[in-house]
Amino acid sequence: MALTLKSGFSFDYDNLFGEGKVTQADLDFYAEDLKKAHEAMKVMRRDGFIKAHLSKDGNPEKVYFSKLPYITEENGKLNLNSPASIQKLHDFTEHLRNNTDVVVSLGIGGSFLGNKVLFDIFCGEFWNTWTKEQRKGLPKVYFSGQNIDARRTGDIINHLKAMADHIGRKLKVCLICISKSGGTLDTMSNFMVMYDALQKAENVEVEVVAVTDPNMEKKTLLKQIAVDKGWQTFAVPDGVGGRFTVFCEVGLSTAAVIGMDIEKFLEGARDMDIACQNDDIWQNPAMLNAALKFAASEKHGRNIEVMMPYGDYLKSLSEWYIQLLAESLGKQFNKDGKDVCYGRTPLVAVGTTDMHSQTQQHQEGALDKVVQFIKVDKWANDLTIPNAFPEYQKLADISGVTMSGALEVARQSNADALKSNKRFNACFTLPELNEYHLGELLYLLAMSVAYEGELANVDAFNQPGVEAYKRIMGPKLQELKKSMGL
Ligand code: PA5
């Protein structure tokens with residue numbers, strides 16, 4: 001059983017729905033809740049309203065991520081992504097092309113994870129070793145700010161300085177500092193360390209671009225510095241939480257740096273949004289995905305979701321999803337203030353790698369998981385396994401097969417084995433790994449957690465839990481400064 005869209009994108013739920021799995025009776029039990037969740041999504045799309053959603057300051061806050069796929073301007077009213085904002089991103093690509101050697105993208109959480117997905121999928125591991133011609137004049141790209149790790153930050157700085165020593169002219173570096181709140185410790189500490197070190201390096205020329213809340217009345221710290229210093233800025237719009245920002249200028253800044261087809265990416269998201277407006281659950285990928293996972297958790301105790309794409313460069317997609325699911329649904333209190341401690345736990349896995357580490361647990365461990373596979377149907381640049389050692393039968397037996405064929409056989413075998421032992425699993429299939437289908441997939445996952453928030457009656461758009469450590473960390477940092485005599 002699968003829901004297949006016109007584009008070829010599909011959601012195969014055969015090993016998740018039916019006898020001994022989530023049943024029709026389970027879904028019937030939630031029929032009213034599903035109807036309400038679907039209505040709530042309509043209201044969210046229309047008005048940006050989500051019942052009981054409050055910002056971290058305790059004020060009602062709009063939710064606008066579902067507007068992002070639409071590049072529109074009506075009667076002078078610009079959408080969050082408009083023809084003008086997309087043009088600005090294209091201009092940024094051209095500004096960087098043949099003009100900037102290196103971009104360092106600094107951010108954490110929602111200001112990093114989606115960017116890394118785009119880079120890994122469209123650039124791969126060796127982008128920075130390619131010649132400028134191979135990169136079509138676009139810069140090398142490094143990520144920083146996603147930890148407070150002096151060793152790696154120092155490594156990047158030393159690497160850039162060494163690069164500068166070799167090129168016989170000034171190395172042009174663009175630091176893209178991404179922070180919606182504009183003051184996150186992890187991001188800003190790395191940014192300051194890097195900015196300071198590179199400014200002082202004689203043979204490095206530094207440009208800074210800030211991506212932050214654009215509000216001019218109540219400027220973030222980063223916005224204030226950008227205004228003071230005259231840096232170019234991109235916006236993290238109001239009503240778009242960190243984990244939903246891959247479709248706004250947070251993610252799109254990286255898309256522009258690497259010359260991705262931004263319009264196709266948003267088109268995929270848009271077509272998925274349209275599919276997710278279908279009132280029929282069997283034709284609505286987000287409603288179906290959310291309903292099956294919610295029922296699997298509530299009715300069958302499968303409250304861990306292993307996100308397991310097949311393919312090395314898809315691992316960061318799994319990491320992106322971890323944040324989306326964990327921050328959206330891991331909530332102690334529901335919308336009525338009742339202590340529910342809800343939240344399916346997400347786990348990162350990647351095939352085939354983790355078949356050799358985690359699969360034992362998935363196959364025989366506690367019956368508490370849904371394994372969510374992602375597969376790509378047609379890989380570009382496939383390789384055929386040659387008959388390099390014909391005299392060895394075991395190797396000769398696997399020769400002649402493409403690597404993508406072998407990858408899919410491994411995934412299917414994993415799915416079949418899990419199924420044979422009552423282990424729930426499902427699969428999203430992307431016909432190809434391109435901007436359009438990636439847009440479809442990421443948007444589907446974002447919309448699914450929005451549905452599940454309504455089903456579980458928790459606010460999928462806040463993250464009060466992360467404030468707890470922040471309240472402790474601030475004073476502790478001050479204590480540290482004091483103990484150092486500063
Ligand atoms: O989802 C979230 O809101 C967080 O993960 C943030 O993205 C993360 O803390 C970074 O915040 P900021 O962009 O404000 O620096």
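As a starting point, this report considers the structure included with it. (Residues numbered from 1 in each chain as written. Predicted model: local features only at pLDDT ≥ 70, side-chain atom pairs only at ≥ 80, totals over all residues. Heavy atoms only, no water.)

## Quick look at the pattern of salt bridges
Alright, step 1. Inspection of the entire model under this criterion finds 20 salt bridges.
Alright, step 2. Residue K132 pairs with D101 through a salt bridge whose shortest N-O separation is 3.6 Å. Of the two residues, K132 sits in the loop between α4 (113-123) and β6 (140-144) while D101 sits in the loop between α3 (83-96) and β5 (102-106), which places them 31 residues apart along the sequence.
Alright, step 3. Relative accessible area serves as the criterion here: at 24%, K132 is assigned to the partly exposed category.
Alright, step 4. Across the pair E327 and R243 runs a salt bridge, and its minimum N-O distance is 3.2 Å. Of this pair, E327 sits in helix α11 (residues 315-329) while R243 sits in the loop between β9 (232-235) and α8 (249-257), placing them 84 residues apart in sequence.
Alright, step 5. E327 gets classed as partly exposed once you look at its relative accessible area, which sits at 24%.
Alright, step 6. Look at R243 and you get buried, because its relative accessible area is 2%.
Alright, step 7. It is possible to trace a salt-bridge network through shared partners that takes in K293, E305, R344 and E452. (Salt bridge = Lys/Arg side-chain N within 4 Å of Asp/Glu carboxyl O. Helix = DSSP H or I, 4+ residues; strand = E, 2+ residues; numbered from the N terminus. Buried < 20%, exposed > 50% of the residue type's maximum accessible area, 1.4 Å probe, protein only.)

## As for the nonpolar core
Alright, step 1. Judged by nonpolar contacts, the single largest core of 103 residues is most densely connected at F65, L317 and M447.
Alright, step 2. The element best represented in this core is helix α15 (residues 435-456), accounting for 13 residues.
Alright, step 3. With sequence-adjacent residues up to four places away left out, F65 is seen in contact with M44, G239, V240, F244, Y443, A446, M447, A450 and F461.
Alright, step 4. Judged by nonpolar contacts, the second largest core, of 25 residues, contains L106, Y142, A197 and V204. (Core = buried A, V, L, I, M, F, W, Y, C linked by side-chain atoms within 4.5 Å. Contact = heavy atoms within 4.5 Å.)

## Considerations on the state of the cysteines
Alright, step 1. Considering all chains together, one arrives at zero disulfides under this definition.
Alright, step 2. In this structure C427 is a free cysteine whose sulfur lies 17 Å from that of C276, the closest cysteine sulfur available.
Alright, step 3. Given a relative accessible area of 5%, C427 falls into the buried group. (Disulfide = S-S within 2.5 Å.)

## Observations regarding the site of the ligand
Alright, step 1. If you check the shell around the ligand, you find 13 residues, and the closest are S111, S179, T184, Q323 and E327.
Alright, step 2. Between the ligand and S181 there is a distance of 2.7 Å, counted from an oxygen atom to a side-chain nitrogen or oxygen. (Near = heavy atom within 4 Å. Polar contact = N/O pair within 3.5 Å; in protein donor to acceptor, adjacent residues only side chain to side chain.)

## Comments concerning the sheet that holds β9
Alright, step 1. The strand order across the open sheet formed by five strands is β6-β5-β7-β8-β9, and the pairing between neighbours is parallel. Strand pairing shows two members of the sheet lacking a second neighbour, β6 and β9, which therefore form its edges. Each neighbouring strand pair of the sheet contributes to a mean axis angle of 20 degrees, computed without reference to strand direction.
Alright, step 2. In the sheet, β5 pairs with strand β7 (residues 171-178) via five bridges, with the strands oriented parallel. By the bridge assignment for β7, S105 is matched with I176.
Alright, step 3. Strands in contact with α3 are β5, β7, β8 (204-212) and β9; relative to β9, the strand with the most contacts, it is inclined by about 140 degrees.
Alright, step 4. Contacts between helix α6 (residues 185-200) and the sheet are confined to β5, β6, β7 and β8, with β7 contributing the most and set at about 160 degrees to the helix. (Pairing = 2+ DSSP bridges. Axes fitted to C-alpha atoms, helices over the stretch in contact; angles between N-to-C directions.)

## Brief notes about a nonpolar patch on the surface
Alright, step 1. Taken together, the side chains of F389, Y392, L395 and I398 define a hydrophobic patch exposed on the protein surface, amounting to about 410 Å² of accessible area.
Alright, step 2. The topology assignment puts Y392 in the loop between β14 (369-378) and α13 (393-398). (Patch = residues over 30% accessible without salt bridge, like charges linked within 9 Å, V, L, I, M, F, W, Y side chains within 5 Å. Areas by Shrake-Rupley, 256 points an atom, 1.4 Å probe, with all protein chains shown as cover.)

## Some thoughts on the sheet that holds strand β13 (residues 345-348)
Alright, step 1. The strand order across the open sheet built from six strands is β1-β2-β15-β14-β10-β13, with neighbouring strands paired in mixed fashion. At either margin of the open sheet sits one strand with a lone partner, and together these are β1 (2-4) and β13. Neighbour to neighbour, the strand axes of the sheet diverge by 15 degrees on average, direction disregarded.
Alright, step 2. Looking at chain direction, strand β2 (residues 10-12) and strand β15 (residues 424-432) are connected through three bridges and run antiparallel. For F11, the partnering residue across the bridge sits in β15 and is F428.
Alright, step 3. The strands touched by α11 are β10 (304-309), β13 and β14; relative to β13, the strand with the most contacts, the crossing angle is about 170 degrees.
Alright, step 4. The sheet contacts of helix α14 (residues 403-420) involve β10, β14 and β15, and relative to β14 the element is tilted by about 155 degrees.

## A few points about helix α5 (residues 150-167)
Alright, step 1. Between its terminal C-alpha atoms α5 stretches 26 Å, which fits the 26 Å expected from 18 residues at 1.5 Å a residue.
Alright, step 2. Looking only at α5, the buried set comprises T153, I156, I157, L160, M163 and A164. Along the axis of α5, the buried residues cluster in a sector spanning 120 degrees; they form a single face. With respect to the buried face of α5, the exposed residues turned more than 90 degrees away are A150, R151, D165 and H166.
Alright, step 3. The inward-facing, buried residues of α5 abut β5, β6, β7, α6 and β8.
Alright, step 4. The N-terminus of α5 is capped by D149, whose side-chain oxygen sits 2.9 Å from the backbone nitrogen of R151.
Alright, step 5. Downstream of α5 by a residue or two, G168 has a phi angle that is positive, lying close to 70 degrees. (Expected span 1.5 Å × (residues − 1). Arc of directions from axis to C-beta.)

## Brief notes about α3
Alright, step 1. In a regular helix each residue adds 1.5 Å, so 14 residues correspond to 20 Å; α3 covers 20 Å between its end C-alpha atoms and thus fits that length.
Alright, step 2. For α3, the full list of buried residues reads S85, I86, L89, F92, T93 and L96. The buried residues of α3 occupy an angular sector of 110 degrees when the element is viewed end-on, so they sit on one face.
Alright, step 3. On its buried side, α3 packs onto β5, β7, β8, β9, α8 and α9 (262-275).
Alright, step 4. Two residues or fewer past α3, N98 is found with a positive phi of approximately 60 degrees.

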